[in-house]
Amino acid sequence: MTLERWLRIELRHLFAIEAVAEEGSFSSAGDRLGYVQSAVSHQIAALENIVGKRLFDRTRGTKPVALTPEGQILYAHAKIILARVRAAEADLSDDPSRRSLRVGSFQMISSRIVARVLHAIGDGVSVDLVERTTEVGLIDQLVEGELDAAFSEGPLPAGPLDAVELFEDHYVVLAQAQSDIALAGNPLTLREAAQLPFVGHSASRPRVAQHLEVRSLSPRYVARSDVNSTIQSLVRNGTCYAIVPRFSVDETDDEITVLPLDPVDAIEPRVVLLVWNSDRALDPSVASFVEATVAVCRDLNLATQSA
């Protein structure tokens, strides 16, 4: 293909392939982009004509439209290009001196870290918190330009991302304070923990389940939840036990006991990060927020606590 043909590709073509690939249909892609279905079909047809490849398998019926192998390649490149476009839009759309910093956060991070960060930076930076139950989806919002920074867990996916590591968070066992296991106070192996009635995380947070499965351990799940307070309540009333990151635990609750795993890293610790989009100009407010967050985590001695 000559460069002259490539120059015929327009951003609307790339937005179209992204929308159809992610929505699974031309009509849903049209709704997302604000176009009628025929307009999306026309843009995809034009793109296929330019690149000389079929990009989608247009099977009839209820099955979603699927990318061809060539479509997968072009879609991957389109995502990179559109991420840069969205970063440019975000950099130019607001007056940095007047807008609020948009930070993605999740449970316990908001209450134990962000609250202290906001106190530390005072009136210097205005922050709009976008809070989720878990970190899932925050990185996507960051790349899309909807966030200026986000807390997440490592490792990061490939993409235009920079991050600072805040702390390692080891997994522990939660038990009702008056249970025999809690009163014994001994560390538990994964095999011992897997023999207990268990509350697990959802499929979007598979770390614990994966470590159990690789050892051919199948705990008896009583319930599944990603909400820290729900997990702790189930443990508190004696319904079950849990393996959770230590930082997620409210250790002021005297009706639960925190027990270490044996060995302490039987489940790979999660690494908590503060992430920003490397394609965007680093706003001074983002830099201030990062600096204050690192200082707060250091003051909280998290690395020592989580080890």
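Above this text you will find the structure in question.
The notes below deal with the structure included here. (Residues numbered from 1 in each chain as written. Predicted model: local features only at pLDDT ≥ 70, side-chain atom pairs only at ≥ 80, totals over all residues. Heavy atoms only, no water.)

### With respect to helix α4 (residues 37-51)
In step 1: The terminal C-alpha atoms of α4, which comprises 15 residues, lie 21 Å apart, in line with the 21 Å expected from a rise of 1.5 Å per residue.
In step 2: Residues of α4 that are buried include every one of Val40, Gln43, Ile44, Leu47, Glu48, Ile50 and Val51, and no others. Angularly, the buried residues of α4 cover 160° about the axis, an arc narrow enough to put them on a single face. Pointing more than 90 degrees away from the buried face of α4 are the exposed residues Ser38 and His42.
In step 3: Looking at the residues trailing α4, positive phi occurs at Gly52, about 70°. (Helix = DSSP H or I, 4+ residues; strand = E, 2+ residues; numbered from the N terminus. Expected span 1.5 Å × (residues − 1). Buried < 20%, exposed > 50% of the residue type's maximum accessible area, 1.4 Å probe, protein only. Arc of directions from axis to C-beta.)

### Considerations on the sheet that holds strand β11 (residues 256-260)
In step 1: With respect to topology, 5 strands assemble into an open sheet ordered β9-β8-β10-β7-β11, the strand pairing being mixed. Every other strand in the sheet has two partners, leaving β9 (220-224) and β11 as the edge strands with one partner each. Going from strand to strand, the sheet's axes swing by 35° on average, the running direction of each strand aside.
In step 2: The sheet contact formed by strand β7 (residues 171-176) and β11 spans 5 bridges and is antiparallel. Note that in β11 the partner of Val172 across the bridge is Pro260.
In step 3: Against the sheet, helix α11 (residues 228-236) makes contact with β7, β8 (197-200), β9, β10 (241-245) and β11, and its axis sits at roughly 45° relative to β7, the strand it touches most. (Pairing = 2+ DSSP bridges. Axes fitted to C-alpha atoms, helices over the stretch in contact; angles between N-to-C directions. Contact = heavy atoms within 4.5 Å.)

### Some points on the sheet that holds strand β3 (residues 101-106)
Backbone hydrogen bonds hold the strands of a sheet together, and the pairing may be parallel or antiparallel.
In step 1: Taken in spatial order, the 5 strands of this open sheet run β4-β3-β5-β12-β6, and their pairing is mixed. Among the strands making up the open sheet, the edge pair consists of β4 (127-132) and β6 (161-169). Each strand axis lies, on average, 25° off the axis of its neighbour in the sheet, ignoring direction.
In step 2: With 2 bridges connecting them, β3 and strand β5 (residues 149-153) associate as parallel partners.

### Side note on the pairing of β7
In step 1: In terms of burial, β7 is largely enclosed, as 5 of its 6 residues are buried.
In step 2: Taken together, the 4 bridges between β7 and β10 define a ladder with antiparallel strand orientation. When the sheet's bridge partners are listed, Tyr171 is paired in β10 with Pro245.

### A look at the environment of Asp57
In step 1: Structurally, Asp57 can be placed in strand β1 (residues 56-57).
In step 2: The residues contacting Asp57, other than those within four sequence positions of it, are Val65, Ala66 and Thr68.
In step 3: Of the polar contacts made by the side chain of Asp57, one reaches the side chain of Arg54; its length is 2.3 Å. (Polar contact = N/O pair within 3.5 Å; in protein donor to acceptor, adjacent residues only side chain to side chain.)

### Focus: the packing of aromatic side chains
In step 1: Under the counting rule described, the total for this entry stands at 4 aromatic pairs.
In step 2: Ring geometry for Phe26 against Phe56: centres 6.1 Å apart, planes inclined by 65°, an arrangement best described as edge-to-face. With a gap of 30 residues between them, Phe26 in helix α3 (residues 26-33) and Phe56 in strand β1 connect regions that are remote in the sequence. Residue Phe26 shares its accessibility class with Phe56, and that shared class is buried.
In step 3: Ring centres of Phe198 and Tyr221 lie 5.8 Å apart, and the angle between their planes is 75°; this geometry places the pair in the edge-to-face category. Note that Phe198 is positioned in strand β8 and Tyr221 in strand β9, a separation of 23 residues in sequence. (Phe/Tyr/Trp six-rings, centres within 6.5 Å; stacked < 30°, edge-to-face > 60°.)

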